[in-house]
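Observations on the model geometry
Residues per chain are reported as follows:
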Amino acid sequence: MTTSTVEVTTTNNNGVVTPLDELNIEIKKKDAILQCFYDIASMDNETRLQSITTLVQTLEEIQSTFKPEDHKDISRIVPKIIEKSEIFNSNLSPELNYTLKRLVIGLASTRDSARIGFSMALSEVLHSFKEVIELPWFFDFLAFHMDLSGKNLSEKESHFGRLFGMMSIIRSSRLEGLPIVQTQPSKSINYDFNRPPSDNMIECIVEQLLYISKKRSIYSELSFEILSSLFEQLSDSNFDKLWPFIKPIIPQSHDEYTPDLLSLLLLISKKFKKFNLIKQTNGWKHPSILNLSNLVLLKNVFSESCKSHPRIHKVWRITFEILLADHEENATLVEFWKYIVEENLFKTTSMNKKYLGLQLFEILLPLVHPEIISDIFSENVIVNLSESLKPTSPLHEVGSLAFQSIPKTAEISSQHRLALILFFSNNSHHHYNQNQQHQQQKFEQSISVDVINELIKDLDEDSIKIYLNSLYKLFINVSNETTTTTTTTTNNKKEANEEEDDDMVIDEMNNEEKLEKYIESTRHWILSQIGHISKDLVKRPTESLIKLEPMLLELLQFLYFHSYYLTCESKSVVVPVVTTPVSKGKKKVNPPQPIQPVKTFTEELFTNKPKSEISQSIRDQCFIRFCSVLEELSYLTLESSKQQQQQQQQQQQQQQSLITYEGSMSNGEFWASKLASFQYDLLKKGSTDSNRPQLSTFLPMGIKPIDKIMKIVQSIQTKQQSSEKRLNQLVGFELLFVHVSLHYLTDPQEISEIIEDLTSAFEELTNPQPPKKSTASATKKRLTPEQDKPQPFMVLLDVLISLLDKPIHILRTIIKQIFSIFADNISFQVLEHILTMIKAPTDELFNGLDGGGGDDDDEDDDDEFKPISPEELKQSKENQEDEDEEDEEEEEEDSEEYDEDSDSDSDNTVNPELVARLKQTMGKHLLLDDDDEDEDLIEPTEEEAKMMDNYLKEVFKNKKEKKSNYQDIKTQTINLKSRLIDLLESYVKKFINNPNEYIFKMIPLMIEATSFDEPSISNRFISLFKNKFSQIRTTTDKSVNVQELNQLLSSLFDIILSSKHTGSSKDKEQQNNNSSAYILSGHAIYMIVRVLLSIKPPPPPPVVQPTPTKKSSKSSKVAAATPIPTTTPSEYGSLDIKLFSSKLDLIIECLLDRNNIVPSRFFAEFAQRFPTVIWASIKKVTTIIESPQNDYNSKKILDVLLSIVKRKDSYGINGKNLLSNASNILTTLCNSLNGKEKQLKPNSIFDHLNIINQIIFSSLQIIKLNNEDSTTTTTTTTILSNKFGSESLKLLESTLCQLYKLNNKQNIKDTSKKILLSLGLENNEIFELEKQKKLEKQQKKEIQQKERQSNKEKSKQEIIERIEQSKQERKTKSTDSKVDNKNKSKPKKKIDDDMEVVDDLDDEVEKQKLKKNNKKDTKDSNNNNNNNNNKKDTTKSTKDIKKSTDKKPTNEDSQPMKKKQKK
């Protein structure tokens, strides 16, 4: 329905608005009202609410100014908008009447959210207009439009419309306080269901709702929900009056209860406390509906609620609200979940019931208390939830939604998160149960682990501690929960047969194996979970880590203790009994119990004995996890944050910054030191006190090495505390000692040897003893042993390398830290020793790889290769057939591997003793070297053939073992070398900002090491140079010698130059092998050049002036006039430019070699990095250009020159490099072009010209920038002649002119002209020749144009003459023929008739001419711009007229003759 606005305008001088104008304003508001009806049905809640508020506000404004007598005027103006219905309220404005009608009719609509929106709007209208709208009238209005008989609407639409209308009446809150008059329900015979009496509003609505609820089941839920909302507004007295209306619908049997009725009863019992369920209803066991005794009666009712699938029935929400209130008379939520959901909904095959159960899980999980979360994850819930997570499951959608409620629940509080983590930690591994019928269902391990890992991220400190304690308890107390079942089963079967007893024994053995596997898997999972927690904790900020320090220390102690120690028995402590106050009530009173003392963590750790013994594999895993956690903490520095807070409070401006170390705690102590003291206490007290925990293994060396280490560590700590600043050397030794002591129990014998070497090196480095005075004879005797004795730091290095070789990752990280700490005290001999080990071959590092041992090995070989007896052959016959196929496959694989790796085996000989035995036993059947090939061999028997096969098997097996051992050792050496490179990398990283001389001395050794070993080692060195050496920019270390750096630079250039080869295959192979050396040399050159450029050259020695002597006055004046020479700082820094340019010249020569790629790549990269330094070798480039070269070489060298000239950043300060070398380059290019332009190809000539153009253009720009402030007006030729010289410019001019004259290529001519113009040579002979050519061309063009015009005129005249002649000929011919025809056809007549005909023809011709002229005049007046075209048209028209005049007389002459003939 649309509205049409009536625009009425009145003029009023006083400015008073007339009623018509006011009416116009009201009509415009109707557009807004109509728009609100569309927005009310929107799905968006905000749009819906906004539209309702605007509708109510607009209606209030209209109704406030409305009068009942205005109906006639408005209906007269707008008759189509507002139509009077049968039930019409004259007190309401037409807009309000229309709104009520529209809203009531909209209640039956099914579009979007029309019913909800219109009912909400209707309740707001009823609430806002209490004084105007009466409820009885509105109910009649609703009943009229929502006719239940189906008069205007369908049955479903009318019934739902009336229900929503009654709901709007209730929600308008106008029924509160109304009295209840009717105490008994109306009889069904007298009840008018369609239009009931509306005098008693509450009774009317109740009877309507009950009637509609009985009619069809689809109306019952909404009817009872509306009825329950009505009961919420009633008092207890009014409810008692209404109970007779409700009691008839309550059935006698529980089987007839419906979920709708149950929800109504639950709300009544919740709202009205005086309501007695047992008195008012039948069959209940307890007055509380949700009592545990009544749950059995409610199973079917709750099961029927799944009929509202996929929507959850209201009864569940009401039930959960009541149960969460935790009333004493009601059942607990866990009991309800078990009986109604777990054993009712999930134990069926109905998918709808399972769907409902998962929906209830999704709703209930965030609502429950954290203590009962594990109870909500019941057995059937886990089964169905796990099954629904599969994509193929029909419950996948609801299952995924239910699973998403887990993170939502965790976000509620930390207690919820912790409860979920504890539940999934118990469900991450399947509990072993011997009775499979009662096996507990668990989630898949991957699901549980993923959930735990995700939930741990946001866990707070207290919850983490609780979770770790639970893991500790689970680790100790893990055991089988149902071990007693085996004893009961065995006792019941004592009288069984022997076979059954054997089966039982086998079953018991299998059960024990399964139990052990279960315990192992559980403890493995706990350790992995501890590792995941530690990784997550390390990522947290330092403030939270400082709070977690005690917990992390306990974690490390737990792991280390269970790696090597056994628990001890706890001492019984007598504690006095403390009585507690007894609470009176229904609960049982517990007797007073003694208060147990609180144990510390270490006491519980020492005394809590595991229920099942910890296996050696678990202990090994504990130590591995201990090392990983300690390694993660070794990268952190918690000392800095705490010290920063102290420094902010007590820091002075000139106080030195404290040095912090990785792996330290907040108090500055190392984690490893703390744990080493923990280990020392255990070992020391365990050896003396039997009640202390004991070691699980035997120590042959005892605790003397640990005692020795810890004394040294304690002395170091006391020295560090007494000194103001911590010494790096002592810190490094402390860190090394404590880590070695922590690994003492892994290999006591080897670690004890390492400890002896460490202690001796420590004493010699920290407390060096002065040399004792002795006699000359004594010194001679002791000279040799002192020389043979290794240096202490070399001993320390050997210890570090031996620890690096161990397969423990933490030792590698710690040794790198220690090496960086010792970096200031490391000599070059140590670094050289590391590099010699890296470049040493594998055989030199590890001896005896081929198995060539001592005599014992030979004896073992003798025993190993004895002939096999026939008895042993018979025993192996049974397994021989099964192993044949596998042996054949292995032999094929072995043969392939031996063929491929034949070069790698250094020793392919067979054991000679084995050959001798073969000759002795099988000599008749073998063809030996001494025998002839023609000699016949005796075929062996079957046993002899098998014996020979066994010999061959042993041979191949021995070779395979040797090869595998060699490969293992080879990989071991490569790993060790890569770890040694890590040490060098840590050293370079320490001095990356200010490198010392050792950094540069290591470069040749590193390059040499790349040519001896595997490509992996070379790649490591390349990454080291790219990532670390490339960051070195400068140095201020006084130990760095500039001359040595320049010499090193020349040697690196020699390595690049060594890539030149003659083209033979050997040279190519050598170049390929040294490719990594070339790469390293290039990167080293870049770094050294960068450093030398940054170092300022040393100042020159002071000039000593000679003492003045008596000379003439002239000589004294000359001496005074000559200034003392002062050296300016070089732009190349400390780079020896002569040496550098000589090497770079050789590189440039190598660029012309096509087969050698190394110099060209190096030169391109070097020019990109150092463009200014390249100008030092520009003379070499010019000499190569002057010398005769082939096309490839000339093209190559010109490209190099062009790349140098193009780089603007290479010109130097004020373009010095370009301006100083420009004249030389130009003369060189001109000389190469003069006399060779015919020999050179056009492309090379064009390249020459491009370089010349670039030089001149760039030099002019530099000159302009340098002379910006000058006001001199000089030409470019004079400027360039001053810079380049007049001779070079003349040579350039002549060369360009010659090129222009002799060459026919247009691009060459254009570039040469462009260069001449840029030089300012506009008066050159080339330009004069061009001017003359242009004049000649213009003259030729003018002559040709004149000739063409004359020819055109002549042709036009000839054409015109021909046309006129043809016209005259045609005219004569036509007139003669016409006259002859006329004369022949005409009869004899008078002369007057002939004259009349001629006059008529003349008149017609004149008329046509006049018409044409008139048309011509109009066209001229309208189109003044197109005169020429009009003239042409007129000429054509005149010609046509003439033709028509020539033709028409013939026709007209013939017509009168025909007429006369007819007459």
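Everything numeric in this text was worked out from a predicted model, so none of it was measured. (Residues numbered from 1 in each chain as written. Predicted model: local features only at pLDDT ≥ 70, side-chain atom pairs only at ≥ 80, totals over all residues. Heavy atoms only, no water.)

1. Some points on the overall build of the protein
Helix and strand counts for the protein come out as 62 helices and 2 strands. Counting only contacts in the protein whose residues sit at least 6 apart along the sequence, the fraction spanning at least 24 positions is 76%. Accessible surface for the protein amounts to roughly 85,900 Å². Of this, 49% is attributable to carbon and sulfur atoms. (Helix = DSSP H or I, 4+ residues; strand = E, 2+ residues; numbered from the N terminus. Contact = heavy atoms within 4.5 Å. Areas by Shrake-Rupley, 256 points an atom, 1.4 Å probe, with all protein chains shown as cover.)

2. Here's the deal with the packing of aromatic side chains
Under the criterion given, the structure shown has 45 aromatic pairs. Taken together, a centroid distance of 4.1 Å and an interplanar angle of 10° make the contact between Phe239 and Phe272 stacked. Pair noted here: Phe239 is in helix H10 (residues 236–246) and Phe272 is in the loop between helix H11 (259–271) and helix H12 (277–280), with a separation of 33 residues, a long-range link. Each of the two residues, Phe239 as well as Phe272, counts as buried. Site record: aromatic cluster; members linked through ring pairs are Phe1053, Tyr1086, Phe1140, Phe1162, Phe1166 and Phe1170. Above the face of the Tyr38 ring, Arg102 is positioned so that its terminal group lies 5.7 Å from the ring centre. Positioned above the aromatic ring of Phe475 is the side chain of Arg523, whose terminal nitrogen or guanidinium carbon lies 5.3 Å from the ring centre. (Phe/Tyr/Trp six-rings, centres within 6.5 Å; stacked < 30°, edge-to-face > 60°. Buried < 20%, exposed > 50% of the residue type's maximum accessible area, 1.4 Å probe, protein only. Lys NZ or Arg CZ within 6 Å of the ring centre and 35° of its normal.)

3. Observations concerning unusual backbone geometry
With an omega of 0°, the peptide bond running from His309 to Pro310 counts as cis. Structurally, the position occupied by Pro310 is in the loop between helix H13 (299–304) and helix H14 (314–324). Positive phi, normally seen in glycine, also occurs at Ser173, with a value near 60°. Relative to the helices and strands, Ser173 resides in the loop between helix H7 (155–171) and helix H8 (201–215). Positioned with a positive phi, Asn1214 is a non-glycine residue whose angle comes to about 55°. Along the chain, the position of Asn1214 falls in the loop between helix H54 (1191–1206) and helix H55 (1216–1233).

4. Some thoughts on the pattern of salt bridges
By the definition in use, this model includes 20 salt bridges. In this structure, Glu985 engages Arg1020 in a salt bridge whose closest nitrogen and oxygen atoms are separated by 3.6 Å. Of this pair, Glu985 sits in helix H44 (residues 942–990) while Arg1020 sits in helix H46 (residues 1015–1027), and the two are 35 residues apart along the sequence. Residues joined in a network through salt bridges with shared partners are Asp982, Glu985, Arg1020 and Lys1028. (Salt bridge = Lys/Arg side-chain N within 4 Å of Asp/Glu carboxyl O.)

5. A word on the packing of helix H56 (residues 1242–1266) against helix H59 (residues 1306–1319)
Closest axis-to-axis distance for the H56/H59 pair is 10 Å, and the angle between their directions is 20°. With respect to each other, H56 and H59 are oriented roughly parallel. Crossing angle aside, the handedness with which H56 passes H59 is left-handed. Contacts between H56 and H59 involve Pro1242, Ile1245, Phe1246, Leu1249, Ile1252, Asn1253, Ile1256 and Leu1260 on the former and, on the latter, Asn1307, Ile1308, Thr1311, Lys1314, Ile1315, Ser1318 and Leu1319. Per-class residue counts for the contact of H56 with H59 are 10 nonpolar, 4 polar and 1 charged. (Axes fitted to C-alpha atoms, helices over the stretch in contact; angles between N-to-C directions. Parallel < 35°, antiparallel > 145°, perpendicular 65-115°, else oblique. Left-handed = near helix turned anticlockwise from the far one by under 90°. Nonpolar A, V, L, I, M, F, W, Y, C, P; charged D, E, K, R; others polar.)

6. A short note on the layout of surface pockets
Computed from the structure, the largest pocket encloses a volume of approximately 990 Å³. Of all the secondary structure elements, the ones that give two or more residues to the lining of the largest pocket are helix H5 (114–128), H7, H8, helix H9 (217–231), H11, H14 and helix H16 (351–364). Considering every element that reaches the lining of the largest pocket, the biggest residue donor is H9, with 7 residues. Taken together, the residues of the lining of the largest pocket break down into 19 nonpolar, 10 polar and 13 charged. (1 Å grid on protein atoms, 1.4 Å probe; cavity = no way out; pocket = protein on both sides within 12 Å on 5 of 7 lines; lining within 4 Å. Points joined across faces, edges and corners; volume = space filled by probe spheres on them.)

7. Focus on the packing of helix H58 (residues 1286–1302) against H59
Relative to each other, H58 and H59 sit at 150°, their axes nearing to 9 Å. In terms of orientation, H58 lies roughly antiparallel with respect to H59. The two elements H58 and H59 cross, and the hand of that crossing is left-handed. On H59, the residues touching Leu1289, Leu1292, Glu1293, Leu1296 and Tyr1300 of H58 are Lys1309, Ser1312, Lys1313, Ile1315, Leu1316 and Leu1319.

8. Structural notes on the nonpolar core
Counting 341 residues, the largest nonpolar core has Trp316 and Phe1021 as its most contacted members. Among the elements that take part in this core, helix H49 (residues 1075–1094) stands out by supplying 11 residues, more than any other. Ignoring sequence-local partners within four residues, the contact set of Phe1021 consists of Leu835, Ile838, Ile981, Leu984, Met1006, Ala1009, Thr1010 and Leu1080. (Core = buried A, V, L, I, M, F, W, Y, C linked by side-chain atoms within 4.5 Å.)

9. Comments concerning the environment of Lys719
Take Lys719: it is sitting in helix H31 (residues 704–722). For the pair Lys719 and Leu730, spaced 11 residues apart in the sequence, the C-alpha separation amounts to 8.8 Å. Apart from the residues within four sequence positions on either side, Lys719 is in contact with Leu730 and Asn767.

10. Structural notes on helix H37 (residues 809–821)
Given a rise of 1.5 Å per residue, 13 residues ought to cover 18 Å, and the 19 Å separating the end C-alpha atoms of H37 matches this to within 8%. Burial analysis of H37 places 10 of its 13 residues in the buried class, the great majority of the element. Taken as a whole, H37 has its buried residues at Ile810, Leu811, Thr813, Ile814, Ile815, Gln817, Ile818, Phe819, Ser820 and Ile821. (Expected span 1.5 Å × (residues − 1).)

11. Overview of a positive patch on the surface
Together, Lys1331, Lys1333, Lys1334, Lys1337, Lys1340 and Lys1341 line one region of the surface with positive charge. Along the polypeptide, Lys1341 turns up in helix H60 (residues 1325–1385). Accessibility expressed as a relative area gives 52% for Lys1341, which makes it exposed. (Patch = residues over 30% accessible without salt bridge, like charges linked within 9 Å, V, L, I, M, F, W, Y side chains within 5 Å. Lys, Arg positive; Asp, Glu negative; His and termini not counted. Charge placed at Lys NZ, Arg CZ, Asp CG, Glu CD.)

12. What about the environment of Pro94?
On the secondary structure map, Pro94 appears in helix H4 (residues 94–106). With a relative accessible area of 3%, Pro94 lands in the buried category. In the structure, Pro94 is positioned 26 residues away from Pro68 in sequence and 9.7 Å away in space, judged by C-alpha atoms.

13. Things to note about the side chain of Thr99
Looking at the secondary structure, you find Thr99 in helix H4. Not counting residues within four places of it along the chain, the set of residues in contact with Thr99 comprises Ile33, Phe37, Leu55 and Leu59.

14. Things to note about the confidence of the model for the protein
Looking at the protein, pLDDT values average 75 and 70% of them are 70 or higher. Low pLDDT, under 50, characterises residues 1–28; the stretch is placed with 30 contacts to residues that sit more than four places away or in other chains. Every residue in residues 1389–1395 scores below 50 in pLDDT, and together they form 5 contacts with partners more than four places removed in sequence or on other chains. (pLDDT = per-residue confidence, 0-100.)

15. Remarks on a nonpolar patch on the surface
Taken together, the side chains of Leu324, Ile363 and Leu367 present a nonpolar region at the surface, about 230 Å² in accessible area. Within the secondary structure, Leu324 sits in helix H14.

16. Let's talk about helix H22 (residues 461–477)
Because each turn of an α-helix spans 3.6 residues, side chains separated by three or four positions end up pointing in the same direction. Here H22 contains 17 residues, and its C-alpha end-to-end distance of 24 Å stays within 8% of the 24 Å for a straight helix at 1.5 Å per residue. Within the span of H22, buried status applies to Ser463, Ile464, Tyr467, Leu468, Leu471, Tyr472, Leu474, Phe475 and Ile476.

17. Some points on a negative patch on the surface
A surface patch of negative charge is lined by Glu753, Glu756, Asp757 and Asp798. Per-element accounting of the negative patch gives the leading share, 3 residues, to helix H33 (residues 748–766).

18. Here we look at the environment of Val795
The topology assignment puts Val795 in helix H36 (residues 792–804). Counting along the chain gives 41 residues from Val795 to Ile754, while the straight-line C-alpha distance between them is 9.9 Å.

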